[in-house]
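Listed below are the residues making up each chain.
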Amino acid sequence: MSLPNQQNEVNGFVEQPRSSFKLSGGALACMVNSEIGAVLAVMRRNVRWGVHYGSDDEQIEHSLIISFKELRKKIFSWQNHWHTIDPVLYLQPFLDVIKSDETGAPITGVALSSVYKILNLQVIDLKTVNVDNALNLIVDAVTSCRFEVTDPASEEVVLMKILQVLLACMKSKASVNLNNHHVCSIVNTCFRIVHQASSKSELLQRISRHTMHELVRCIFSHLPELDGEEHELACQKGSSPNTENDVAAAQIRTVEGQPNTDSYPSAESEVKNIENAPGSTDSLMMEPYGVPSMVEIFHFLCSLLNVMENIEFGPRSNPIAYHEDVPLFALGLINSAIELGGASFGNHPKLLALIQEELFYNLMQFGLSMSPLILSTVCSIVLNLYHHLRTKLKLQLEVFTTNVLLRIAQSKHGASYQQQEVAMEALIDFCRQPMFVTELYANYDCDISCSNVFEGLANLLSRSAFPVNSPLSAMNTLALDGLIALVQGMAERIEHDSSIAGEATSELEEYSSFWNRRCDDYGEPLQWVPFVHNMKNIKRKLMIGVDHFNRDPKKGLEFLQGSKLLPEKLDPRSVALFFRFTLGLDKSLIGDFLGSHDEFCIQVLHEFARTFDFRDMSLDTALRIFLGTFRLPGESQKIQRVLEAFSESYYEQSSDILVNKDAALLLSYSLIMLNTDQHNTQVKKKMTEEDFIRNNRKINGGNDLPRDLLSELYYSICENEIRMVPDKGGPTSILTRSHWIGLTHRAKHASSYIVSYSGTRLDYDMFAILSGPAIAAISVVLDNAEQEDVIQSCIEGFLAIAKLSASYNLGEVLDDLVISLCKFTTLLNPSFNERSILYFGDDVKAKMATVAVFTIANRYSDNIRSGWRNILDCILSLHKIGLLPARLASDATDELEPSADNDRVKTLATQSSTASQTPTPSRKSSGIMGRFSLLLSLDAEEPAPQPSEEQLAARQRTLHTIQNCRIDSIFAESKFLQAESLSQLVRALVVAAGRPLKGNHSLEDEDTAVFCLELLIAITLNNRDRIMLLWQNVYEHIANVVQSTVMPCALVEKAVFGLLRICQRLLPYKENLTDELLKSLQLILKLDARVADAYCEQITQEVMHLVKANAMQIRSHMGWRTIISLLSITARHPEASEAGFETLSYIMSEGAHLSPANYVLCVNAARQFAESRVGSVDRSVKSLGLMSGSIVCLVTWFYKTKEAAGEEAAAKLSQDILEMWMRLLQGLRKVCVDQREEVRNHAIMLLQRCLTGVEGIHIPTDLWLQCFDLVILTLLDELPEMAQQQSPKDYRSMEGSMVLALKLMSKAFLQPLVELSHSTSFCQLWIKILDCMERYMKLRFRGKRSEKIHELVPELLKNTLLVMKTNGVLVPSDPIGGDSFWQLTWLHVNKIAPSLQLEVFPSEELNENHAKASCSPRYDESVLVPQNETAA
């Protein structure tokens, strides 16, 4: 038969109070009435509760039943004013049943269910009358519940209902009216049930533990609401740790020792234990519950962790199970409390002190246990503490991280693999906290009194990621996750914060005490960031000094002095501070130094002792702290000196009990002896408490010390050894109570914890530490990884490192990363070929690595240096097997091409690409042999096998991967590269392109070189604004190609036309580099003859486009000389001459682009085209026309000389123009002896025009004389010689040329006649002319004279004499003088034509005596005989 209200006995634990539901008065009366009926019904089932008869046969009912009946009479009268009724009135009968030891389990269970129902339906709330008294009565009744146990099942039901009611009390809104005492009682009762349930069913065990967790959560969730209230305990906690252990152990022993009786054990002893716990007072415990109860409960939970030191196991107990069970339960409760209380723990000193001292010590101990489950729970608690209270737990977190997590993760002290995994997971959880690593580095690595925790963490993760054996273990991937979490955290921060700060490593100028230096404001990054940078710099040097000191103390101190970390002249204070606050020192060396009898060492010892703060500290605690900083020497004299210094310092700071320092010294000696006695295994008979007290009589100035003090010291030493031989440097391997006391003391004086909310100010320094090991570790993991998710993680880690390297301008790190990553692409394998595509398409690792390499190359190219070589090697591998776009290089510069030249450039690009992709010889270089070899190669080709579907699919996947790499962007965006990166890229291309030049190479190598050269040219064109940064390397490479090639090939073709293209593109934009660019074209002149011949036409076409587009930019003689030299070469080339002449015509026509800088060069080039027989006669004639037409430019320039600044400049320019005119005449003179009649005669006529068409130019007499000697007379001398070598048929043509030449001489002589006549050399010139005419009169060709010349010469001579006569140049003179001009003239004239004298000077004129002096009358041009009159 089921009992009422018991069906929800278990479900009640998951039901929540219905806050929105409220019963009416009548409904409440009915509900209470039904509960009364339920209890009475169960009671009536037992005869004990039936009617009893008294002595007078009167029916007597039990008082419990009577109380219910009385209540039944009243409840319905309350239904209209139920809220005014004291709940004690309707609760008391139920509570009496609960407290009664006469009721059985079923009755007690129903009563508990009734109370639970009233609480759960919120009949009692904050507005209820006398609510506080009602709740207190409920708690008192339930915690003192007694009942008869009839069967185990009923007992468990009652126990569960007790838990239900107590939890409902705490969850009730009216629970705020509970006092501290009752809250502690609730916890105690629930805890007792938890332990009693260990021998009960699994259900009760789980429910009881769940209830305990719910209670703790409910209680400590109230803590944040108390932050503004003062609920602290009135007196301070004064117990020692062993007292707390005894309390907790006594409680557990009481629970375990309870016999399985018929009644539930009372909670009075446990309540008493908590109430009487240290720090409790009656007044505080009776106040509404708050911090005091929480302190006691939390202290109780912490004390549960100490039970392992006192528990005694029976022969049938399971120590391992208990070892895990109790601590896990306690740790879970503590974790719940911290999760709910959060940062509010830090606002209450008592709670905070429990965490700082008791809790963390126990966490350290259980962290090193062999149970992975306990370790995991401990790590969860520490993570919560870090999140909420890290500013209050600086040193505690340091010690836990180094002594527990790092040590276990490193598999030290026999840690199991499962423990290592748990520790590593915990470390990674910490690393995933937003600013954990930044705070780790700032607070510990940059603090001289703390260890380098971040550095240790980075090294651990890096080493742990290395797989010992393939495949990867879970530890390897965990460590990898940690590394990647670190670098990705930094990478994410750098996206949101552009304030990148490097480490300041300025040298210290002078010593300044830094041991206790503090930042002015730890909350302001602008202050604490420079501060920690400075302290890290000091710490780094200090660690070097520590290493020197541990090898040789004297040299170590000297090094520190040289580094300005100690004063130049050592003083005891600075050395004492060095010993006191420096980590890593050999403590034995410190002890020997401090114990030395040297006077300076003694001073250092006393200063060292004064660095400790012993105020309000017991002697044993002070001694523990003091001896924990060095190793006490073994010699008695040294011990004496050390303890004297300690005693003096301790007495000065704590003189409450001790009357003098001698008393402190004697007691210290006694404690040392007691410590040795109690903890030395060789001592068999141990000192008792009475022995110790007796040994210390009359030491306090002749009086005894208080017995309580001595007893406390005795037990403190007995239970916690003073460790006088700590490990060398760093934290100890096993953290004892003695060491923990020292640490908590040091924590009180530690610098403030730096909280970093955002920013990347320290990430640079951390990344410098992490980058190298991380790259190595990730590389090894990637090498061994097979799972795609692990590979993806590695790639993401690499990309994060690349981002950081670029952001911090760490080019070397980025290069190392690129080099490592390129190895995984498989593209650098020597065996990589077209067959490899099939494997590459299915190789996830290779594809991911390839995409990552080129992602880095695109995103962070500014910071790549030597890594470009590896990237280019990957690109070349892809190029060799045809996986790159055919126009990869040209695409990079298409956007810059002028629209008018697009077709031409694309044609050239196609030609070059075709040449580089197919081994066919160039059309110009082939010749007969070339075409023959081509036919042979075509005949030898066999049809290629068709690829399979699998191969096609693999190639398609590979192509898709390559497309995602965006390789073309690397070169297209090269114009945005930083200078250094761009230079390195160009050097890498030159190296890659230059390999085939170093010996024998295949067509594939040449193809590679061509491809590299294309990229090099594309980059050069894209970076025209900083061409000088690249030009030297580019030019040297092209020069190397040009000069090392002796046969036409695609490489030299690409080099030559690439060079021309560079010049074409850059000349319009870089006027200051015009000469440099044009000078580079001289490489074309150095081409091997066979190569030059093959490409001459194309070269000329490019030169023509260059000139037409940039003629205005070419101004220097050097530039024009290169251009004209290239054009001159084409004069005799059958196919190139047409373009060459067109280009020259463009320059010279109408003087469009003629200038003093290129005039002579152009004239010479035109002469070469005129002399060339490759083209038609018409082209030669046009060339002569270009030459003669240029005279107009000379006249124009001569007029402009007047505008020149200064007479000297004008004179120089005039001289240059005259020199150009002379070069023009000499050039025409050379063509005047051409074998072709038409060309020769046209040249003579144009020469005459140039001689007579210079009216605008003042030609000096000397230049005229030079012109006759070098041009005219030389021509007249050369023509007869040339005629003698001609055939009779050709002689007639020569005869006409000589006629023209004679006329030219006559006109040229007559034009400057007057000016020439004043020259002293005039007579010589005149005689040379007469001699020339005489030779032509006597000229014979095969024995026959020329009739035309024989007729022409006298006529020309006569005309000349008449003009000379008219101008007064030739006048009769005294015949006596035989050598006079007159006589010499007629002497030569008579040899030519004797009759001319009478014709020119009739006899009547000769008879007249002209007494004139030789004068120079004005020249009258009308006297000249017209040309048509003198023409033959």
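What counts and how
- Residues numbered from 1 in each chain as written.
- Predicted model: local features only at pLDDT ≥ 70, side-chain atom pairs only at ≥ 80, totals over all residues.
- Heavy atoms only, no water.
- Helix = DSSP H or I, 4+ residues; strand = E, 2+ residues; numbered from the N terminus.
- Buried < 20%, exposed > 50% of the residue type's maximum accessible area, 1.4 Å probe, protein only.
- Contact = heavy atoms within 4.5 Å.
- Areas by Shrake-Rupley, 256 points an atom, 1.4 Å probe, with all protein chains shown as cover.
- Axes fitted to C-alpha atoms, helices over the stretch in contact; angles between N-to-C directions.
- Parallel < 35°, antiparallel > 145°, perpendicular 65-115°, else oblique.
- Left-handed = near helix turned anticlockwise from the far one by under 90°.
- Nonpolar A, V, L, I, M, F, W, Y, C, P; charged D, E, K, R; others polar.
- Phe/Tyr/Trp six-rings, centres within 6.5 Å; stacked < 30°, edge-to-face > 60°.
- Lys NZ or Arg CZ within 6 Å of the ring centre and 35° of its normal.
- pLDDT = per-residue confidence, 0-100.
- Salt bridge = Lys/Arg side-chain N within 4 Å of Asp/Glu carboxyl O.
- Expected span 1.5 Å × (residues − 1).
- Arc of directions from axis to C-beta.

1. Structural notes on the overall build of the protein
- When helices and strands are counted, the protein shows 65 helices and four strands.
- Counting the 1432 residues in the protein, one finds 54% classified as buried.
- Partitioning the contacts of the protein with sequence separation of at least 6, the portion at a separation of at least 24 is 77%.
- Entry remark: accessible area of the protein is about 62,400 Å², with carbon and sulfur atoms responsible for 50%.

2. Side note on the packing of helix 1 (residues 25-44) against helix 2 (residues 63-75)
- Relative to each other, helix 1 and helix 2 sit at 160°, their axes nearing to 10 Å. Regarding the angle of helix 1 to helix 2, the classification is roughly antiparallel. The way helix 1 lies across helix 2 gives a crossing that is left-handed. Contacts between helix 1 and helix 2 involve Ala-29, Val-32, Asn-33, Ile-36, Gly-37, Val-39, Leu-40, Met-43 and Arg-44 from the first element and Leu-64, Ile-65, Phe-68, Lys-69, Leu-71, Arg-72 and Ile-75 from the second.
- Of the residues in the contact of helix 1 with helix 2, the class split is eleven nonpolar, two polar and three charged.

3. Details of the environment of Asp-592
- Position of Asp-592 among the secondary structure elements: in helix 24 (residues 587-595).
- The class for Asp-592 is partly exposed, based on a relative accessible area of 38%.
- Here the alpha-carbon distance between Asp-592 and Phe-630, two residues 38 residues apart in the chain, equals 9.2 Å.
- Those residues in contact with Asp-592, other than ones at most four positions away along the chain, are Pro-633 and Lys-638.

4. Some points on the packing of helix 44 (residues 1003-1022) against helix 45 (residues 1027-1044)
- Relative orientation of the contacting elements helix 44 and helix 45 amounts to 155°, with a least axis distance of 10 Å. In terms of axis orientation, helix 44 runs roughly antiparallel to helix 45. As helix 44 runs across helix 45, the sense of the crossing is left-handed. Across from Leu-1013, Leu-1016, Ile-1019 and Thr-1020 in helix 44, the residues of helix 45 making contact are Ile-1027, Leu-1030, Val-1034, His-1037 and Ile-1038.

5. Quick notes on the environment of His-1037
- Tracing the chain through its elements places His-1037 in helix 45.
- Separated by 50 residues in the primary sequence, His-1037 and Arg-987 place their C-alpha atoms 9.8 Å from one another.

6. Describing the packing of aromatic side chains
- A full pass over the atoms with the stated rule returns 44 aromatic pairs.
- Summarising the aromatic geometry, the rings of Trp-1031 and Tyr-1035 are spaced 6.0 Å apart at their centres and angled 35° between planes, so their arrangement reads as tilted. Of this pair, Trp-1031 and Tyr-1035 both sit in helix 45, separated by four residues, roughly a single helical turn.
- Residue Trp-1031 is classed as buried on the basis of its relative accessible area of 2%.
- For Tyr-1035, a relative accessible area of 23% translates into the label partly exposed.
- Here the aromatic residues Phe-608, Phe-612, Phe-614, Phe-626, Phe-630, Phe-646 and Tyr-650 are joined through ring pairs into a cluster of three or more.
- Here Arg-580 stacks its cationic end above the ring of Phe-612, 3.8 Å away from the centre of that ring.
- Across from the ring centre of Phe-1401, 4.8 Å away, lies the NZ or CZ of Lys-1365, which sits over that ring.

7. Regarding the confidence of the model for the protein
- Residues at a pLDDT of 70 or more form 83% of the protein, whose mean pLDDT is 81.
- Per-residue pLDDT stays below 50 along residues 894-941; that stretch engages in 44 contacts with residues further than four places along the chain or on separate chains.
- Across residues 1409-1432, confidence stays below pLDDT 50; counting only partners more than four residues off in sequence or on other chains, it has 36 contacts.

8. Here we look at the pattern of salt bridges
- Applying the stated criterion to the full structure yields 35 salt bridges.
- The partner of Arg-610 in a salt bridge is Glu-648, and the shortest N-O contact between them spans 3.9 Å. Here Arg-610 is found in helix 25 (residues 599-610), whereas its partner Glu-648 is found in helix 27 (residues 636-653), with 38 residues between them in sequence.
- Relative accessible area serves as the criterion here: at 40%, Arg-610 is assigned to the partly exposed category.
- Ionic pairing is found between Arg-707 and Glu-690, a salt bridge with its closest N-O pair at 2.1 Å. Of this pair, Arg-707 sits in helix 30 (residues 707-719) while Glu-690 sits in helix 29 (residues 689-695), and the two are 17 residues apart along the sequence.
- The network of salt bridges with common partners includes Arg-573, Glu-607, Arg-610 and Glu-648.

9. Quick word on helix 41 (residues 949-965)
- The end-to-end C-alpha distance of helix 41, which contains 17 residues, comes to 24 Å, matching closely the 24 Å that a straight helix rising 1.5 Å per residue would cover.
- Those residues of helix 41 that sit buried are Ala-954, Thr-958, Thr-961, Ile-962 and Cys-965. Looking straight down helix 41, one finds its buried side chains confined to an arc of 100°; they lie on one side. Of the exposed residues in helix 41, the ones pointing more than 90 degrees away from its buried face are Glu-949, Gln-956 and Gln-963.
- Buried residues belonging to helix 41 abut helix 35 (836-842), helix 36 (844-859), helix 37 (867-880) and helix 42 (967-972).
- Arg-966 sits one or two positions beyond helix 41 and adopts a positive phi of about 50°.

10. With respect to the environment of Glu-214
- Mapped onto the secondary structure, Glu-214 falls in helix 8 (residues 202-220).
- Separated by 43 residues in the primary sequence, Glu-214 and Lys-171 have C-alpha atoms spaced 9.1 Å apart.
- With sequence-adjacent residues up to four places away left out, Glu-214 is seen in contact with Leu-167 and Lys-171.

11. Remarks on unusual backbone geometry
- Positive phi, normally seen in glycine, also occurs at Lys-564, with a value near 65°.
- In this structure, Lys-564 sits in the loop between helix 22 (553-562) and helix 23 (572-581).
- Owing to a relative accessible area of 31%, Lys-564 belongs among the partly exposed residues under this scheme.

12. A few points about helix 61 (residues 1347-1366)
- For helix 61, with 20 residues, the first-to-last C-alpha span of 29 Å sits near the 28 Å given by 1.5 Å per residue.
- What helix 61 keeps buried is the set Ile-1349, Leu-1352, Val-1353, Pro-1354, Leu-1356, Leu-1357, Asn-1359, Thr-1360, Leu-1361, Val-1363 and Met-1364.
- Downstream of helix 61 by one or two residues, Gly-1368 has phi in the positive range, about 75°.

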